[in-house]
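So the chains spell out like this:
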Amino acid sequence: MNIINELFDGSFMPHGHCYKWQSDLLFLHVVGDALTVMAYFLIPIALIQLVKKRNDFAFNWIFVMFAAFIFLCGVTHLINLINIWHGYYYISGMAKLITGIVSITTTVMIVYLLPKVIAFPSIKDFKVKNEQLLLAKKELLEANQLLEQRVEARTKELEELARTDALTGVLNRGGLMSCLTDEIDRATRYKRPLSLLMVDLDHFKYVNDQYGHQQGDVVLTEAVQIISNVSRHSDHLGRYGGEEFLLILPETDMNEAKSLAERIRLDVEQHSFCQQDGHDISLTCSIGLTEYQPGQTQSSLLQTADRMLYSAKDTGRNRVIVNDNTDA
Ligand SMILES: Nc1nc2c(ncn2[C@@H]2O[C@H](COP(=O)(O)OP(=O)(O)OP(=O)(O)O)[C@@H](O)[C@H]2O)c(=O)[nH]1
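Here the structure is a predicted model, which means the values were calculated and not measured.

*Asks:* I'd like a rundown of the overall build of the chain, residues and numbers included.
*Replies:* From N to C terminus, the chain includes 10 helices and five strands. Taken across its 328 residues, the chain has 34% of its residues classed as buried. Taken as a whole, the chain presents about 20400 Å² of accessible surface, with 61% of it coming from carbon and sulfur.

Below, the structure is given as structure tokens:
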């Protein structure tokens, strides 16, 4: 009770006496202190707001310490202002003591914090890092583009490989069927001629039996070469079966196809196979020929060519049989 009385005993000599109650002198001190107090109370609010909104700031507790320190400075100033008229010097002293303790604590914390803050990357460091990151990103994009190009090229290679016959390098059955579908579509759409040759080597089994499978492979490769030599770049040659080949002839009617087939037959007949190994193998081939008829299905076209080939085999081999029955 005594302490409370002492604390709020404002009967000490009011501080204002030292200003001699001169109104201009009082005005200067009161307005100056009042403005300072206002600023001291508003700055902590701003600092606390900052900490609340930007909680990603490193060491943001130091802002809270600053806010407390500035607020207490404001309290000390306010009490000094009141003390012009009253004499709460105990309260004033206690406020000063608390302010002092908080100030010292803040100072110690700043000293502790200083090396860490100094070690913190500067804006210039961030700019350099940012430039390095942008450069790395550019390099990564370029590498990615290169990789995509390589993957695309490799995919094309693999697709090509999947359509290719490993032994002879021409289209395999799958590749042939896809080409034939495309060419039938084109011939139908543009009403253009399209012919198909089915070429089969005669008595090929004899070559294998007589000279071995490896020589047989060489014969097959050479046969492909002969057919390739007489066909155009736009024609599609492929291996349909073991020793059976298909030649798809876009923009080619029956008559043109027939003379081409005759040339192939003759070239095969006149060729000496496997000469490099000292053998001199002679072979002939049989060819079935048909021309695509509008509305005809792919399998019907193939069946007709096969039928013509069978007929060529059946009638003595080494010949070209043409499908004259156009409603096939
Ligand atoms: N070397 C080799 N031979 C193959 C390959 N594929 C199939 N053959 C052979 O081709 C031969 C085909 O025999 P056949 O179907 O009797 O035909 P062919 O002997 O030519 O008789 P025709 O067609 O009736 O004139 C078989 O001996 C198969 O082993 C291959 O990739 N390489």
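*Asks:* Could you give me a rundown of the pattern of salt bridges, with the residues and numbers involved?
*Replies:* If you walk through the whole model with that rule in mind, you get 12 salt bridges. Across the salt bridge formed by Glu269 and Arg265, the nearest N and O atoms sit 3.5 Å from each other. With Glu269 and Arg265 both in helix H9 (residues 254–270), this residue pair falls four residues apart, about one helical turn. Residue classification places Glu269 among the partly exposed residues on the basis of a relative accessible area of 33%.

*Asks:* Outline the pairing of strand E4 (residues 285–291), supporting the account with residue identities and numerical values.
*Replies:* Most of E4 is tucked away, with seven of its seven residues classed as buried. Residues of E4 alternate between two faces, with Cys285, Ile287, Leu289 and Glu291 on one and Ser286, Gly288 and Thr290 on the opposite face, all of them buried. Relative to strand E5 (residues 320–322), E4 is paired through three bridges, and the arrangement is parallel. Bridge pairing in E5 places Gly288 opposite Ile321. Following the backbone out of E4, through helix H10 (residues 298–314) and into the adjacent parallel E5, one traces a crossover that is left-handed.

*Asks:* Any details on the UniProt feature "transmembrane region" (unreviewed entry) in the chain? Residues and values, ideally.
*Replies:* With numbering aligned to this structure, UniProt lists the feature "transmembrane region" (unreviewed entry) at residues 26–47, 59–82 and 88–114. Across residues 26–47, the secondary structure splits into 100% helix and 0% strand, with the terminal C-alpha atoms separated by 32 Å. Helix makes up 96% of residues 88–114 and strand makes up 0%, while its end C-alpha atoms are separated by 38 Å.

*Asks:* Would you mind going over the packing of helix H8 (residues 213–230) against H9 in detail, with residue names and values included?
*Replies:* Axis separation between H8 and H9 bottoms out at 10 Å; the angle between their running directions is 145°. Both H8 and H9 take part in a crossing whose hand is right-handed. Residue-level inspection shows Ile226, Ile227 and Val230 of H8 in contact with H9, the latter providing Leu260, Arg263, Ile264, Asp267 and Val268.

Conventions used here
Residues numbered from 1 in each chain as written. Predicted model: local features only at pLDDT ≥ 70, side-chain atom pairs only at ≥ 80, totals over all residues. Heavy atoms only, no water. Helix = DSSP H or I, 4+ residues; strand = E, 2+ residues; numbered from the N terminus. Buried < 20%, exposed > 50% of the residue type's maximum accessible area, 1.4 Å probe, protein only. Areas by Shrake-Rupley, 256 points an atom, 1.4 Å probe, with all protein chains shown as cover. Salt bridge = Lys/Arg side-chain N within 4 Å of Asp/Glu carboxyl O. Pairing = 2+ DSSP bridges. Right-handed = clockwise from strand over helix to strand, strands pointing away. UniProt positions renumbered as here; feature names shortened; annotations may be inferred. Axes fitted to C-alpha atoms, helices over the stretch in contact; angles between N-to-C directions. Left-handed = near helix turned anticlockwise from the far one by under 90°. Contact = heavy atoms within 4.5 Å.

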